[in-house]
Each structure stands twice: as structure tokens, then as C-alpha cells.
2 protein chains.
Amino acid sequence: MRARPTLEKVAARAGVSRATASRVINGSTRVAPQIREAVNRAVDELGYVPNQAARSLVTQRADSIALVFPEPSTRVFSDDPTFGGIIRGVSMEFEEADKQLVLMLAGTEGSYRRVERYATNGHVDGVIVASMHGSDPLPAILARRGVPVVCSGRPTMAGELPYVDMDNVGGAERAVRHLLERGRRRIAAIAGPQDMVAGIDRLTGYRNVLRDSDRRSIVAVGDFTRESGTAAMRHLLADDPELDAVFAANDLMALGALRALRDAGRSVPGDVAVVGFDDIPAASYAEPPLTTVRQPTEEMGRWLARMVLGLEERGPVVLPTELVVRESTRAA
Amino acid sequence: MRARPTLEKVAARAGVSRATASRVINGSTRVAPQIREAVNRAVDELGYVPNQAARSLVTQRADSIALVFPEPSTRVFSDDPTFGGIIRGVSMEFEEADKQLVLMLAGTEGSYRRVERYATNGHVDGVIVASMHGSDPLPAILARRGVPVVCSGRPTMAGELPYVDMDNVGGAERAVRHLLERGRRRIAAIAGPQDMVAGIDRLTGYRNVLRDSDRRSIVAVGDFTRESGTAAMRHLLADDPELDAVFAANDLMALGALRALRDAGRSVPGDVAVVGFDDIPAASYAEPPLTTVRQPTEEMGRWLARMVLGLEERGPVVLPTELVVRESTRAA
DNA sequence: AATCTTCCAGAGAGCGCTCTCACAGCTTCG
DNA sequence: CGAAGCTGTGAGAGCGCTCTCTGGAAGATT
């Protein structure tokens, strides 16, 4: 690799001073057109690209932002399109803003402190924490240290932490209301873990609608895995054999429920209607294809990016979710 | 945020020169124990962390490495655990080596050049290109420019490019042999795109085994999507209604095939056995659960990382795949 | 005892860039 | 016609760090 040209070389070739070359490159308006032209030509000819390290050293900016995933949830990476969507959205915005995305997987004790050190020492201009557990202490710590932080998902111990979240409550309400509209009467729920905001909120949505309709709520709690969905469904069938619909707090559990129902000889949607949440790819492949609530993950990534970049008000943002109706809730 | 302490401060507090403080921090052995002690104490007391920009400026190293995903394949992110696994493996190794992972999604014309510029200008110490298309020109360009590059998946226009790949041929052979062992006689294949190395190699594996067994190969080509799997399966059934097994080049297409078979009234595995490739989560949820070939994605990530860091011989590495037997290939 | 090594610490240069400040050339106005 | 105001350019000081080079003290060798 031939030596990279420096600003000095560019200036020399353009016949100007380093300062002026710098001005042109950083888009200052106070430069005479022909000089600007000359510098730009020199840049092109030499294939000059600024040395980020040197620039950072003086500007005190890193021009890069960390996106932190807690390792446990990263396990789900493969099953859950949320992360992929967020990454895509974030990248798009960063590309426009010319920032780099530094991906960090935290979770173990060591890596956790590593993220903290890394972030609190000017290596990045901000941090996006994509934590599923609202109780993750990392965001608060970083915020206290003065690092711009944005959370994906409402943090439970939110002081003033800015966050972007999906409308989990609204999505759940919409889903359950849909079941009522389709004539279902005894609607059970398979809730998610109650230490995760998504788990709590989706159950809240379910309860809200049933309370309004004067119906009894029947709840089993799972842990967002398929297996837990199967187990929860079995419990629900044992508790209330008459149920004719289930709202699962995520698709994976809904898929598990589908299996339990099949094993129990119940037809879907004939005997029991099923709704999930997330709209993972497998939902549309399921037998029958699953009605579910779609989340605007890419949009979420874009918001996260713009907020951490300061392009957007730092208040909480809640993005709307959308009901996707498929076979599993066809009218009985 | 209070001002970060500099090396100068640390040195002053420890009562030594900047140079000596630097030596201690960078682990030079040639420092007297009590001085080393004093410096370390000062570092702790001040919470000092080296400024990476300043360090990079002089060392010409960035201590970070880019992981480039081509945008088109990123779409698959959600469906394909490969990327998640690779990311996890890479992160683990980088954490140990104290390198940062800069994630870049390329694919559009603009972002493509952006990656090139970014990488060829010392912002990163190396690049891992996770391209699905073996014909991606990026790795070769970077290599020519002197940037350490490692490809995930064998590049077709491989000059001397180091790469890490899965044993696609071997995995496919194993899968098809498994079908023969289970007594299947007319084994069709749903191939992947023939401009992708994975698509080509898996078909090769299939052909190898059938050639050896003197059986006729029956092939339909899909594009790795579920829908194409369904369509391909329909064609195969029309062409050869007698077939009793199908090898699909990935799980998504196998899932699609399952649907076509169900629609055609064929039972699986009663009438037709089905094997997939990848072992995506949905494979085990399928009805019936899918026999498939598992890939060591995390291991792949680790190899990629170690190779780009120069901790490993830069030759090609091919990782073994593993057959996972489930319901879909039970003996007829 | 004198010289040669060896070892450790400090001085200082400089990585490539931005940004403040000073200044030269020009217009504008009293 | 000279003072004042602009505008555009250059000079130069660092940003925080590493690393070479030098020197002095201590130990080894003759």
C-alpha cells in the first residue's frame, strides 16, 4: 500500500496552505471558487482521504457511535428480525451522517465494563443500547457520565433516558380487539416474561381490552421461547377447555401454542384462533399462517440513530405497530 | 463530563515522565517494579484510559476491523442465523484481542465506494467481507490495495484471497447419502442460485452422491426463498411423480417444498423424505421437523476474526458441517 | 581500580489534522 | 484621500500519544 497522501501534500499540489485545504475539505464557504476548485482537483488526483485519527484528536469527536446488544438477547439474533431491522435502520442514517457503527456485544461482566470504559472515554460520540431488559443499568451509567445515550425499548428505571419503543400496548389491544371482532368470546393470553417491558406492556394491552369488554382474562406466562408457548398453551387448555382464542405475546410462543393445539386435536382457526406478535418470517410460513402484530424495526433503527446524533428531540418516541391478519384468526 | 485525564496527568501524579508512564501502560517489561506500581496507582486513581485517536495517529493502527455485509444479503438477516452466528464469533475473538468491530452494510453503489475508501485509508486494520456472492469484487480490490481481507465463503474469482467456508459439498453429500441409507430411491434436488458458491457447491455434493450410486439426478433451481422452494417442488412433482425424496439446498426452500408436498397430498416422510440445509430455527419447528445440515457459524466467525488479525495462517479454511436428523427423513 | 556493559528513565520530535489569530488586499465611507 | 470594515489566506500552536535517542547509574569484567 503506497503511503496515504496527507493534507500537506494536497495543499502543496493545489498551491495553497494546509489551512485553506482544510477549509475546502470541511466545506467552509469562505474560500475563493478557483482555489476551492484547485484543492478539490488535488484531492481527486491524489485520492486523498482525511485521517480520522488526526481529525478526532483535535476535534474531540470520534464520528462513530456504539450500538450495544446485550449478549443474552443476541442469542435470539437468528430468530428475531428485530435486531436485523434495527441495524439496517441505524446504518442507513449513519451512512447519511457519515458516522461509523461500532457494534458491541455486552453481557458478560468483563465486556460490560469494557463497554462502559470505551464509551465514557471519547471513543464514540454516543451509544445506542438495544436492551430487552428495561432494567439494564448500562444506559443510566453512561448518561450520568455525560455520554449521549438512547435506548431501544422503554427502560424501566428510566430517569430521563430518551428512548424509542414500539407501541406494545396498542398493538396488543389491537390484536385482542381483532379477536373479539371475529366473534371470539373466551380469549386467553400467553404472556411474556414480566421483567421485560415488552412482556409487561403486551399483557397490559390484553388486559385493557378484556376489562373494557367485561370478559375474564386467562393468562399463562412464558419466556418468549417456542417451548414455553407450547407448555403455556397446554396449561391454558387444561384450565379452560372452552377457550376459543389465544393472544401470544410473541410469535415464537404463538408457534409453540399452535403445536400444543394440534397435539390436543384443536383446529386453528376452527376451534381456536391464534394471534402472535412481532411478525417474524416464520409466522407467515406457519400452518396456518399466523395473524400477528408487525413492528417497524427499521424505522426504529432510524429513530434511534437520529436521536443519538442529536438530529431529533431527545424525548421518548413510540412507534405504531400494525396488525397483520392471516389465516390463524379467520372467523370460526 | 469532566475532562478526561491525559497521560501527562498520570505521569505527573506518579512522579515520572510521560514516556515512562506510556511504557507501563503498554506493558513494557523494562520498568522498575515500584515505578510501575506508582503509575498503575495513578491510572486507577484518575480513571485514565488512553485516547485511541492519539494512539492511532502515531501507531498507524486503528485497532478496529470492519465487517462488511452486502446489503442484499442483509435482507435475509432475519431469516438466516448465519450472520448472527458470525457476528457473535467475530465479537468474541475481537473482545479478546481488544479490537473494535465496525459494521458496514454495503451494496448500493455509494456505500460500496464508501467501504472501499474507508478501508483503504487506515481507518481499520483489516476487513472481513461476508459476501454471499463469490463474485463480489470488493475483497479483491481491498487486497490489491494492501488491506488485510478475509472472505466468508469461497470467492469465485479467488486469486489468493484467504477465506473461511463451510463444507457445503460434504454437507450435501452427507445429506443425500442419508436419504439413500433410509431407502430412498428417487432423490430430487432443489438447487440454489448457481451464481452463489453455496448454491453451486451444494448441488455438486448432490450430484457426486447420485453419480456414485448410478441414480438419475432430478434438479429444479430456486433462489433460496421459501416461495421458490414451493414452485420448484411443484415442478419436480410434475416431472417425476414417483420421486420419494428431496434434497433442498437450504431450509427455507425445504420449508417451501413441504408446503407444496402437503398441497399435493403427499405425506412427509411417508411418501417423500425432505432434507434441508442451514438448520435455521424454523427447521425444527416445521411440521414435520426438518432433517438438515448444521453449519458452525460461530466457529466461522472466530476463524474469520483470527485470520484477519493474523493470528492464523491465511490459507483457506473449510469447516465441517453436521447432519441433524429429524422427522422429515424417517424411514418410509 | 578503571573500563565496559547493561538497564532504566527522561527529553523531545512528530503523527495529521483543525482552528485561532494575524495580516494582506480590497471595498466603502466620512 | 485616509480610516475603517470586510474577506480570504497563511502561520503556527497544539490535540495526546508513541518511540527513538540520549544520558546517568549500577553492575560486570579485566
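Residues numbered from 1 in each chain as written. Chains lettered and ligands numbered in written order. Predicted model: local features only at pLDDT ≥ 70, side-chain atom pairs only at ≥ 80, totals over all residues. Heavy atoms only, no water.

In the nomenclature of an unreviewed UniProt entry, chain A is known as DNA-binding LacI/PurR family transcriptional regulator of Streptosporangium sandarakinum.

Asks: So what's going on with helix α11 (residues 226-239) of chain B? Which residues, and what values?
Replies: Taking 1.5 Å per residue as the helical rise, α11(B) with its 14 residues ought to reach 20 Å, and the 20 Å between its terminal C-alpha atoms agrees with that figure. For α11(B), every residue scored as buried is listed here: B:R226, B:S228, B:G229, B:T230, B:A232, B:M233, B:L236 and B:L237. Looking at the buried side of α11(B), the elements it contacts are α13 (281-285) of chain A together with β6 (187-191), β7 (218-221), β8 (245-248) and α12 (251-263) of chain B. (Helix = DSSP H or I, 4+ residues; strand = E, 2+ residues; numbered from the N terminus. Expected span 1.5 Å × (residues − 1). Buried < 20%, exposed > 50% of the residue type's maximum accessible area, 1.4 Å probe, protein only. Contact = heavy atoms within 4.5 Å.)

Asks: Give a description of unusual backbone geometry that names residues and reports values.
Replies: Residues A:V268 and A:P269 are joined by a peptide bond in cis, for which omega reads 5 degrees. Within the secondary structure, A:P269 is located in the loop between α12 (251-263) and β9 (273-275). In this structure, B:D98 takes a positive phi of about 60 degrees despite not being glycine. Along the chain, B:D98 falls in the loop between α6 (81-97) and β2 (100-106).

Asks: I'd like a description of the sheet that holds strand β6 (residues 187-191) of chain A, backed by residues and values.
Replies: All names here are of chain A. Pairing within the open sheet is parallel, and its 4 strands lie in the order β7-β6-β8-β9. Bordering the open sheet on either side are β7 (218-221) and β9, each of which pairs with just one other strand. Geometrically, the sheet is characterised by an average inter-axis angle of 20 degrees between neighbouring strands, direction not taken into account. Across 3 bridges, strand β8 (residues 245-248) lies against β9 in parallel orientation. Note that in β9 the partner of F247 across the bridge is V275. The strands touched by helix α9 (residues 168-181) within the sheet are β6, β8 and β9, with β8 carrying the most contacts at an inclination of about 170 degrees. (Pairing = 2+ DSSP bridges. Axes fitted to C-alpha atoms, helices over the stretch in contact; angles between N-to-C directions.)

Asks: Tell me about the interface of chain B and chain A, residues and numbers included.
Replies: With 51 residues of chain B at the interface, the matching set in chain A holds 52 residues. Between chain B and chain A the total buried area reaches about 4700 Å² when both faces are included, carbon and sulfur atoms providing 55% of it. Per-residue buried area on chain B facing chain A is highest for B:R88, B:Q100 and B:Y285; these three make up 14% of the total on that side. At the junction of chain B and chain A, the tally comes to 6 residue pairs in polar contact (both at pLDDT 80 or more). (Buried area = accessible area lost by both parts, 1.4 Å probe. Polar contact = N/O pair within 3.5 Å; in protein donor to acceptor, adjacent residues only side chain to side chain.)

Asks: Explain the protein's contact with DNA strand C to me, and be specific about the residues and the numbers.
Replies: The full set close to DNA strand C counts 27 residues, and A:L7, A:S22, A:Y48, A:R55 and B:T20 are the nearest of them. Of all atoms in DNA strand C that approach within 4 Å of the protein, 65% are sugar or phosphate atoms. Between A:N26 and DNA strand C, the recorded distance is 3.1 Å, taken from a side-chain N or O atom to a phosphate oxygen. When residues of the surface near DNA strand C are assigned to their parent elements, the largest contribution, 5 residues, is made by helix α4 (residues 52-59) of chain A. Here the residues of the surface near DNA strand C sort into 14 nonpolar, 8 polar and 5 charged. (Near = heavy atom within 4 Å. Nonpolar A, V, L, I, M, F, W, Y, C, P; charged D, E, K, R; others polar.)

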